Amino acid sequence: MRLQHKIALVTGAAGGIGRATAERFAEEGAIVFAADVRAAEPYEAPGVTFVELDVTDEPQWQRVAGEIVSEHGRIDVLFNNAGIVKAYDGVAEIALEDWRQVIDVNLNGVFYGCRTVIPVMRENGGGSIINTSSIWGIAGAAGVAAYTASKAAVRSLSKNVALTYIGEGIRCNSIHPGLIATPLIDAQDDDVTAAVLAQTPIGRLGTPREIANGALFLASDEASYVTGAELVIDGGYTAQ
Ligand code: NAD
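Residues numbered from 1 in each chain as written. Predicted model: local features only at pLDDT ≥ 70, side-chain atom pairs only at ≥ 80, totals over all residues. Heavy atoms only, no water.

Novice: Give me the lowdown on the environment of Thr132, citing residues and values where you can.
Specialist: Along the polypeptide, Thr132 turns up in strand S5 (residues 127–132). Classification of Thr132 as buried rests on a relative accessible area of 6%. In this structure, the C-alpha to C-alpha distance between Thr132 and Ala22, residues 110 residues apart in sequence, is 14 Å. Leave out the neighbours within four places in its chain, and Thr132 touches Phe79, Asn80, Asn81, Lys151, Val154, Ile175 and Pro177. Within the local environment of Thr132, its side chain forms a polar contact with the side chain of Asn81, the two groups lying 2.9 Å apart. (Helix = DSSP H or I, 4+ residues; strand = E, 2+ residues; numbered from the N terminus. Buried < 20%, exposed > 50% of the residue type's maximum accessible area, 1.4 Å probe, protein only. Contact = heavy atoms within 4.5 Å. Polar contact = N/O pair within 3.5 Å; in protein donor to acceptor, adjacent residues only side chain to side chain.)

Structure representation (structure tokens):
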């Protein structure tokens, strides 16, 4: 029970990595609020409650955090995981609307989450924030301009939060998944997936649970000396 008595909020938790992590956290004793902009199928793990949240809307963050705090008094773990790819275009081709939407979900959503939950954690002596970046927040990739820019910004913002709030017991780390079998990958061009897989030394896609296990470590007190770090879980992609 590595998260016993902890209250956790996970975004993008209707499917994929977020859903697997919400269930993994609950298996380890956490009370989990699984947030998404779309409805979720029922969760298998007891202790997971779905909440509707569009991460791009700060008032919705305030509402959700307020409800959790009034019920449980605190939030110990925030996993800012919601993300979209939307467009695979380069800077010259991407529609402005797509650029703005990707930045809004992937970067501004993380900003609003941190901004809302840091005061709650501060009030309670600390907590753990985990932000989902990507291998493409570290390594470059052709095309996918908005996605790569947003994920690199999340990597940097995570270190900023880590350093700014270290004196208040708040840890903040980024997770960098490689190619993980989720609906996000199902929706992308097979050519893109094949190209990334060909560059993945382990030779297979990762599972959402393999990312959830990393998030679990960062969420738990086992990671009490870990802040401002990048946890890469990518089958060797960025080791090359
Ligand atoms: P996914 O599409 O299965 O899950 C993403 C979830 O985010 C969806 O349930 C979606 O409804 C939700 N979401 C989208 N916009 C939202 C919003 N405005 N508010 C709240 N929720 C919203 O994809 P996934 O692969 O599980 O992705 C999870 C995270 O991992 C994302 O940040 C993604 O960029 C990142 N990531 C994924 C991979 C991969 O290979 N799957 C690789 C690197 C990084």
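Having seen the model, we can carry on.
Novice: So, the side chain of Ser133: which residues are in play, and what are the values?
Specialist: One can find Ser133 in the loop between S5 and helix H4 (145–164). Here the side chain of Ser133 touches His176 through a polar contact of 3.3 Å, side chain to side chain. Those residues in contact with Ser133 that sit more than four places away from it in its chain are Lys151, Val154, Arg155, Ser174, Ile175, His176 and Pro177.

Novice: Could you give an account of the state of the cysteines, with specific residues and numbers?
Specialist: On inspection of all chains with the given rule, the structure shows zero disulfides. Not engaged in a disulfide, the cysteine Cys114 finds its nearest cysteine sulfur in Cys172; these two sulfurs lie 5.3 Å apart. With a relative accessible area of 0%, Cys172 lands in the buried category. (Disulfide = S-S within 2.5 Å.)

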